[in-house]
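Here are the chains, one letter per residue:
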Amino acid sequence: MIEGIFVEGLIFAIMALGILISYRILDLADLTCDGSVATGAAVATMCIVNGLGITVGLIMAFLVGVLTGLVTATIHNKLKIPALLAGILTMTMLYSVNLRILGNKANVSLVRVDTLYRLFPKWFSFIPSDWAALLGTLIFVVVVTVLMDLFFRSDIGMAIGALGGNEQVIISQGMNPSVLKMIGLGLSNGLIALSGGLLAQYQGFADANLGQGMVVQGLAAVMIGEFLFSSNKISLITLRCILGGIIYKGLMFLGRKYGYLVGITPNDFKLLTGILVIISLTVAKTRALASDKGARKKAIERTMAHMKEEGNA
């Protein structure tokens with residue numbers, strides 16, 4: 001039971017990392033996520049079902065996810081359509097694309113083929129199968145996180161990070177913000193699609209409706225992670241995002257198991273997730289304002305102290 005919560009949380013954390021890139025690092029409201037996660041699941045599933053293998057399926061899921069991000073970025077950059085609307089357009093189109101990928105079926109099963117979650121117990125046969133699934137997922141997420149950390153320590157990664165803070169700085173350095181947005185949104189949706197490919201293997205099927213409400217859930221995970229601790233280091237930012245994903249799935253599990261005690265049903269989860277995001281955003285904004293006021297107060301105190309010292313001199 002506990003192992004399942006951690007496995008789901010870790011898979012979900014990869015998607016939260018993708019949402020972190022668009023919403024926090026690039027500061028773009030990208031709704032492509034609701035489509036790209038299902039696209040990743042569909043592509044990985046069809047690759048596995050057709051005998052191309054698990055590795056090829058996950059690589060293709062990531063690459064197709066990158067492509068969906070590039071489509072959104074192109075609509076935003078070239079057609080001058082706001083990022084929010086560009087994401088909605090791509091997400092809407094992806095629903096039909098996902099049905100095509102799945103052979104015009106609403107869902108495709110992985111029950112009769114090997115997946116990672118059938119292989120993990122064989123690879124880690126020295127521990128129970130549930131814990132083997134957790135260990136395998138943890139290794140996978142650690143590898144993805146390390147690669148992401150290394151990317152954002154590179155020149156391009158740091159430029160993407162600076163783009164979200166101040167686009168004029170990037171322009172003054174002779175860089176093209178449109179290209180950086182394409183790279184950032186491509187990486188974001190690549191990770192989200194990769195998460196979808198992993199999720200399809202864990203649950204045993206891919207569904208065209210898999211992505212409904214995922215962006216809000218991913219935001220909730222990011223916000224929960226930000227409550228844990230503050231940091232500007234990319235390694236700690238990704239760590240709290242992963243922890244946020246696990247905590248979010250834990251809260252959903254508690255809601256399913258004990259929600260009946262207070263009249264909460266699974267039908268209420270999307271409402272509760274939305275309320276959680278609103279509360280998190282409000283608290284984060286309040287915290288930022290308080291921090292700014294504190295910084296200004298300290299600056300004024302330092303100035304007054306300096307003026308007093310000069311007057312005494």
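Residues numbered from 1 in each chain as written. Predicted model: local features only at pLDDT ≥ 70, side-chain atom pairs only at ≥ 80, totals over all residues. Heavy atoms only, no water.

1. Some words on the overall build of the chain
Here is step 1: Looking only at helices and strands, the chain features 12 helices and 2 strands.
Here is step 2: In the chain, the succession of α and β elements from N to C terminus is α-α-α-α-β-α-α-α-α-α-β-α-α-α.
Here is step 3: With 313 residues in all, the chain has 47% of them scored as buried.
Here is step 4: Once local pairs closer than 6 in sequence are excluded, the contacts in the chain between residues at least 24 apart make up 75%.
Here is step 5: When the accessible surface of the chain is split by element, carbon and sulfur atoms take 66% of a total near 16,000 Å². (Helix = DSSP H or I, 4+ residues; strand = E, 2+ residues; numbered from the N terminus. Buried < 20%, exposed > 50% of the residue type's maximum accessible area, 1.4 Å probe, protein only. Contact = heavy atoms within 4.5 Å. Areas by Shrake-Rupley, 256 points an atom, 1.4 Å probe, with all protein chains shown as cover.)

2. Quick look at the UniProt feature "transmembrane region" (unreviewed entry) in the chain
Here is step 1: The residues that UniProt annotates with the feature "transmembrane region" (unreviewed entry) are residues 5-26, 38-71, 83-102, 131-152, 182-204, 210-229, 241-259 and 271-290.
Here is step 2: Here residues 83-102 runs as 95% helix and 0% strand, with 28 Å between its end C-alpha atoms. (UniProt positions renumbered as here; feature names shortened; annotations may be inferred.)

3. Overview of the confidence of the model for the chain
Here is step 1: Mean pLDDT over the chain stands at 82; residues scoring 70 or higher make up 88%.
Here is step 2: Confidence, expressed as mean pLDDT per element, reaches its minimum in the chain at helix α12 (residues 269-312) with 64 and its maximum at helix α3 (residues 54-78) with 91. (pLDDT = per-residue confidence, 0-100.)

4. Re helix α1 (residues 2-25)
Here is step 1: The sharpest bend along α1 comes to roughly 30 degrees, located at I19.
Here is step 2: Counting buried residues in α1 gives 19 out of 24 residues, a clear majority hidden from the surface.
Here is step 3: Trailing α1 by a residue or two, D27 shows a phi angle of about 60 degrees, which is positive. (Bend = angle between axes of the 7 residues up to and from the residue.)

5. A few points about unusual backbone geometry
Here is step 1: Not every positive phi belongs to a glycine, and D27 is a case in point at roughly 60 degrees.
Here is step 2: Relative to the helices and strands, D27 resides in the loop between α1 and α2 (33-49).
Here is step 3: Of the residues examined, D27 reaches a relative accessible area of 55% and is grouped as exposed.
Here is step 4: For K80, which is not glycine, the phi dihedral falls at a positive 55 degrees.
Here is step 5: For K80, the position within the fold is in the loop between α3 and α4 (83-101).
Here is step 6: On the basis of relative accessibility, which here comes to 66%, the residue K80 falls in the exposed class.

6. Notes on the packing of aromatic side chains
Here is step 1: In total, this model carries 7 aromatic pairs according to the counting rule given.
Here is step 2: Here F124 and F126 contribute two aromatic rings whose centre-to-centre distance is 6.3 Å and whose plane-to-plane angle is 90 degrees, an arrangement assigned as edge-to-face.
Here is step 3: Taking relative accessible area as the criterion, F126 reaches 63% and is therefore assigned exposed.
Here is step 4: Grouped by ring-pair contacts, the aromatic residues Y117, F120, W123, F124, F126 and Y202 constitute a single cluster.
Here is step 5: Above the plane of the ring of F12 lies K249, whose end atom (NZ or CZ) is 4.9 Å from the centre. (Phe/Tyr/Trp six-rings, centres within 6.5 Å; stacked < 30°, edge-to-face > 60°. Lys NZ or Arg CZ within 6 Å of the ring centre and 35° of its normal.)

7. Thoughts on the environment of A206
Here is step 1: In this fold, A206 is placed in strand β2 (residues 205-207).
Here is step 2: Spatially, the C-alpha atom of A206 lies 5.4 Å from that of N107, the residues being 99 residues apart in sequence.
Here is step 3: Ignoring anything within four residues of it in the chain, the contact list for A206 reads A41, A42, T45, L102, A106, N107, V108 and A200.

8. A word on the packing of α2 against α3
Here is step 1: Interhelical geometry of α2 versus α3 gives an angle of 150 degrees and a closest axis separation of 8 Å. Relative to α3, the element α2 is oriented roughly antiparallel. The chirality of how α2 crosses α3 is right-handed. When α2 is examined against α3, the residues S36, T39, G40, V43, A44, C47 and I48 are found in contact with a partner set consisting of I54, G57, M60, A61, V64 and T68.
Here is step 2: Looking at the contact of α2 with α3 residue by residue, the classes come out as 8 nonpolar, 5 polar and no charged. (Axes fitted to C-alpha atoms, helices over the stretch in contact; angles between N-to-C directions. Parallel < 35°, antiparallel > 145°, perpendicular 65-115°, else oblique. Left-handed = near helix turned anticlockwise from the far one by under 90°. Nonpolar A, V, L, I, M, F, W, Y, C, P; charged D, E, K, R; others polar.)

9. Considerations on the side chain of D207
Here is step 1: In this structure, D207 sits in strand β2.
Here is step 2: Overall, the relative accessible area of 17% leaves D207 in the buried class.
Here is step 3: Here N209 takes part through its backbone nitrogen, which lies 2.7 Å from a polar atom of the side chain of D207.
Here is step 4: Among all residues touching D207, those that are not within four sequence positions of it are A38, L102, A106 and N107. (Polar contact = N/O pair within 3.5 Å; in protein donor to acceptor, adjacent residues only side chain to side chain.)

10. Overview of the nonpolar core
Here is step 1: Grouped together as the largest cluster of nonpolar side chains are 77 residues, with contacts concentrated most on M15, I19, I21, Y117, F152 and L191.
Here is step 2: Among the elements that make up this core, the one with the highest residue count is α1 (14 residues).
Here is step 3: Not counting chain neighbours up to four residues away, the residues in contact with I21 comprise L26, M148, F152, G184, L187, S188 and L191. (Core = buried A, V, L, I, M, F, W, Y, C linked by side-chain atoms within 4.5 Å.)

11. A short note on the environment of L272
Here is step 1: As for its placement among the helices and strands, L272 is situated in helix α12.
Here is step 2: Taking the relative accessible area as the measure of exposure, L272 reaches 34% and is therefore partly exposed.
Here is step 3: Separated by 17 residues in sequence, L272 and G255 have C-alpha atoms that sit 9.8 Å apart.

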